[in-house]
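Spelled out, the chains give:
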2 protein chains.
Amino acid sequence: MNRRDFSRFSALALAGSTLPSFAQGASSDKPIGYAAIGLGTISGMFMRACQESQKAKITALVTGHPDTKGKKFAAMYGIPETSIYTYEQFDRIKDNKAVDAVYVGLPNSMHCEYTVRAAKAGKNVLCEKPMATSSVECRQMIDACKSANVKLMIAYRCQYDPTYIEAERLVQSGALGNIQAVEGAFGFNFASPDFWRLKKKLAGGGSLMDVGIYPLNTARFLLKEDPTEFTAMVSTRDKTSGRFAEMEQTVTWTMKFPSGITGTGASTYGGTMPGFLRINGDKGSIELSNAFGYTGSHLVSLSKAVTVDVTSSTDDVSVFRLEADHMAECIRTNTQPKSAGEEGLKDLIAIESIYKAAGTPMA
Amino acid sequence: MNRRDFSRFSALALAGSTLPSFAQGASSDKPIGYAAIGLGTISGMFMRACQESQKAKITALVTGHPDTKGKKFAAMYGIPETSIYTYEQFDRIKDNKAVDAVYVGLPNSMHCEYTVRAAKAGKNVLCEKPMATSSVECRQMIDACKSANVKLMIAYRCQYDPTYIEAERLVQSGALGNIQAVEGAFGFNFASPDFWRLKKKLAGGGSLMDVGIYPLNTARFLLKEDPTEFTAMVSTRDKTSGRFAEMEQTVTWTMKFPSGITGTGASTYGGTMPGFLRINGDKGSIELSNAFGYTGSHLVSLSKAVTVDVTSSTDDVSVFRLEADHMAECIRTNTQPKSAGEEGLKDLIAIESIYKAAGTPMA
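Analysis parameters
Residues numbered from 1 in each chain as written. Chains lettered and ligands numbered in written order. Predicted model: local features only at pLDDT ≥ 70, side-chain atom pairs only at ≥ 80, totals over all residues. Heavy atoms only, no water. Buried < 20%, exposed > 50% of the residue type's maximum accessible area, 1.4 Å probe, protein only. Helix = DSSP H or I, 4+ residues; strand = E, 2+ residues; numbered from the N terminus. Pairing = 2+ DSSP bridges. Right-handed = clockwise from strand over helix to strand, strands pointing away. Contact = heavy atoms within 4.5 Å. Axes fitted to C-alpha atoms, helices over the stretch in contact; angles between N-to-C directions. UniProt positions renumbered as here; feature names shortened; annotations may be inferred. 1 Å grid on protein atoms, 1.4 Å probe; cavity = no way out; pocket = protein on both sides within 12 Å on 5 of 7 lines; lining within 4 Å. Points joined across faces, edges and corners; volume = space filled by probe spheres on them. Nonpolar A, V, L, I, M, F, W, Y, C, P; charged D, E, K, R; others polar.

Draft legend 1. Seen up close, the pairing of strand E5 (residues 124-127) of chain B. Residue and element names in this part refer to chain B. Here E5 shows a buried face lined by Asn-124 and Leu-126 and a second buried face lined by Val-125 and Cys-127. Strand direction decides the pairing type here: strand E4 (residues 101-104) and E5, joined by 4 bridges, are parallel. By the bridge assignment, Tyr-103 is partnered in E5 with Leu-126. In this view, the connection linking E4 to its parallel neighbour E5 by way of helix H4 (residues 111-120) has right-handed handedness. The pairing of E5 with strand E6 (residues 152-154) spans 3 bridges and is parallel. Counted as the bridge partner of Val-125 is Leu-152 from E6. This β-α-β element, E5 to helix H5 (residues 135-147) to E6, shows right-handed connectivity.

Rendered as structure tokens:
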């Protein structure tokens with residue numbers, strides 16, 4: 001049975017069960033149709049990924065620039081101009097039967113609003129991380145999707161990357177023994193003070209929200225546990241460029257999981273901080289280096305306990321496609337996404353706890 | 001001018017200046033004589049290193065087992081049996097003109113006593129890290145050596161390793177830009193609950209004392225700054241083996257330096273935690289991996305800002321020899337060791353602060 005056959009089989013198997021979103025347009029041999037909301041860099045990646053997918057395609061666009069960006073991408077991806085929406089027109093998407101789901105690639109502060117509006121329009125939601133700018137918003141999003149009986153998936157790309165899935169397998173197999181500690185970090189040096197991620201109103205918080213979330217979420221993904229205790233500090237060395245007028249430059253934290261596993265983490269928007277994550281057990285250790293980017297995450301063993309040397313694809317949209325396909329499969333088969341809204345909520349709870357521990361609460 | 005010529009030249013240049021320890025036996029063309037105090041694993045490394053040195057040699061032994069260990073090592077290194085001392089006889093070493101300095105390779109809790117006694121005997125002191133079990137002891141050691149006009153060096157081996165010196169050069173050159181953050185860790189999984197490092201009375205504290213001190217000290221060495229703010233937590237997952245009856249299994253911490261640089265650190269005695277240290281600037285990052293061991297520390301660049309790929313010697317006593325030679329040169333030329341007692345004190349102050357921040361103060 002190939003993938004397409006499996007999809008058909010699953011659809012037949014589920015015939016008669018309640019599949020409201022599936023019923024809204026997608027048939028078993030047609031790709032799931034996504035409306036991309038926000039046409040920035042990350043949506044560009046997602047749209048390219050869908051073009052390479054057998055299971056997903058872009059069928060509508062939501063943009064503040066329908067005549068320029070909208071028409072450009074509509075032409076690229078064969079989308080009828082009637083399926084280009086402005087933000088004001090967005091709610092009309094409920095009548096577009098070619099749209100099974102939306103992909104929310106907006107600034108963090110808009111995730112909640114457009115997830116809730118998409119749910120009300122009866123559309124499934126694949127939302128970029130961080131899920132929202134607060135745990136309160138996350139809960140609103142979960143509730144809205146539950147009420148509308150649509151699926152909500154958070155775009156934790158790494159969880160769909162075979163390299164990270166191999167790390168998950170190794171950790172869960174017990175090959176490293178009892179895990180004792182985890183260390184990770186991720187950061188960039190943003191040159192421009194005008195970038196939206198440096199505006200508190202749009203981003204909700206600093207580097208922890210958008211890049212610190214990678215080691216945090218990946219640690220949770222690998223350990224299958226959620227940290228409950230935190231210590232943290234923030235720091236801003238660059239006091240002159242204006243980049244950090246609204247938020248801190250760097251965050252460092254420690255965390256403890258209910259089992260007693262401890263961890264350290266760091267993130268920055270004001271320095272190079274190549275992504276990494278190390279998982280240390282009492283039998284062995286593994287490391288993900290060059291981690292969390294679109295390509296080339298590298299998983300190796302740091303001890304004799306296990307042998308592993310895996311590198312992620314060099315195709316920069318490969319993992320976006322796996323992510324788009326997972327959501328498509330969940331819609332087709334009426335199953336819960338691996339990285340559902342509840343996962344996004346857990347990270348926001350941790351992020352709020354870290355900022356609070358640092359003495360700089362988010363709200 | 002070769003090294004020996006340089007030594008002779010330095011000695012001539014200094015003729016007439018006050019060199020009490022130099023006057024106690026070493027002449028310019030003779031190696032500096034060390035008495036090894038405590039004949040465990042690390043003293044074994046140090047003695048082998050001296051055998052490979054032109055500048056240092058072992059000329060006396062201090063041991064609780066003079067007839068077994070003492071005679072064995074005396075035979076190996078050509079030491080007269082009259083230069084084997086028990087701990088009770090130790091103070092008589094003041095009359096041994098072949099001894100210019102002592103190497104303190106004892107459990108942490110004995111460092112202070114034997115440093116003070118060696119100073120009173122007019123001998124220079126090279127003391128293993130951690131310098132002592134408290135900052136109070138460190139200050140006693142510094143004072144005793146000052147009063148006796150002898151040198152005090154802490155055996156921060158890595159500071160004499162060309163790989164770490166290259167990292168220091170890169171950081172200090174500004175090639176990485178302004179440093180923003182540092183991450184590091186080091187730990188082992190000790191199988192036996194009987195090891196002295198797991199006994200609070202002998203070790204003074206847990207893994208932070210003996211292995212966490214590596215990323216801590218190396219961060220200070222590379223940054224030329226001392227952290228002043230800390231958050232921390234400790235954790236013990238293994239509650240059954242008895243190994244952690246007296247101290248924690250794992251420590252994690254964050255630290256902030258006066259410049260605003262922040263850092264994370266971790267150490268354990270209950271898991272594999274391969275040594276590493278990363279230094280992240282706003283232009284670039286470097287990483288020391290496989291770090292802090294006797295061999296094979298690996299320094300690489302993690303960004304395009306610099307190009308470096310250096311690996312430490314595969315000779316397991318090579319860095320011990322560089323360390324022994326540095327102290328020998330300091331004695332000959334009456335200069336202050338790079339890693340003087342004040343450096344050891346700074347780490348104990350930081351360690352005390354970390355345990356205090358974790359809610360588990362040392363005293």
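And the narrative resumes.
Draft legend 2. Region of the structure containing unusual backbone geometry. Residues Lys-129 of chain A and Pro-130 of chain A are joined by a peptide bond in cis, for which omega reads -5°. You can see Pro-130 of chain A is positioned in the loop between strand E5 (124-127) and helix H6 (135-147). With phi around 80°, Phe-292 of chain B is a residue other than glycine that occupies positive phi space. Summarising the element assignment, Phe-292 of chain B is placed in the loop between strand E12 (285-289) and strand E13 (298-301). A residue is classified by how much of its surface remains accessible, and Phe-292 of chain B, at 1% relative accessible area, is buried. With phi around 50°, Asn-334 of chain B is a residue other than glycine that occupies positive phi space. Considering the arrangement of structural elements, one finds Asn-334 of chain B in the loop between helix H9 (318-333) and helix H10 (341-357).

Draft legend 3. Quick peek at the sheet that holds strand E3 (residues 84-85) of chain B. Residue and element names in this part refer to chain B. If you walk across this open sheet you meet the 6 strands as E3-E2-E1-E4-E5-E6, and the pairing is parallel. Strands with a single pairing partner mark the edges of an open sheet, and in this sheet they are E3 and E6. Of the strands in this sheet, strand E1 (32-37), strand E2 (56-62), E4, E5 and E6 are in contact with H9, which crosses E1 at around 125°.

Draft legend 4. Local environment of the side chain of Thr-333 of chain A. Of note, Thr-333 of chain A is situated in helix H10 (residues 318-333). For Thr-333 of chain A, a relative accessible area of 14% corresponds to the buried category.

Draft legend 5. Highlighting the UniProt feature "domain: GFO/IDH/MocA-like oxidoreductase" (unreviewed entry) in chain A. Residues annotated in UniProt with the feature "domain: GFO/IDH/MocA-like oxidoreductase" (unreviewed entry) correspond here to residues 165-287 of chain A. Between the C-alpha atoms that bound residues 165-287 of chain A there is a distance of 13 Å. The span itself is 24% helix and 38% strand.

Draft legend 6. Summary view of the layout of surface pockets. If you add up the space inside the largest pocket, you get close to 960 Å³. Taken together, 43 residues make up the lining of the largest pocket; nearest its centre are Ile-42, Phe-188, Phe-190, Arg-197 and Tyr-294 of chain B. Of all the secondary-structure elements, those providing two or more residues to the lining of the largest pocket are helix H2 (41-51), strand E7 (179-189), helix H8 (207-223) and strand E11 (270-281) of chain B. Tallied by class, residues from the lining of the largest pocket come to 19 nonpolar, 18 polar and 6 charged. Roughly 720 Å³ of internal volume is contained in the second largest pocket. The element best represented in the lining of the second largest pocket is helix H9 (residues 207-223) of chain A, accounting for 3 residues.

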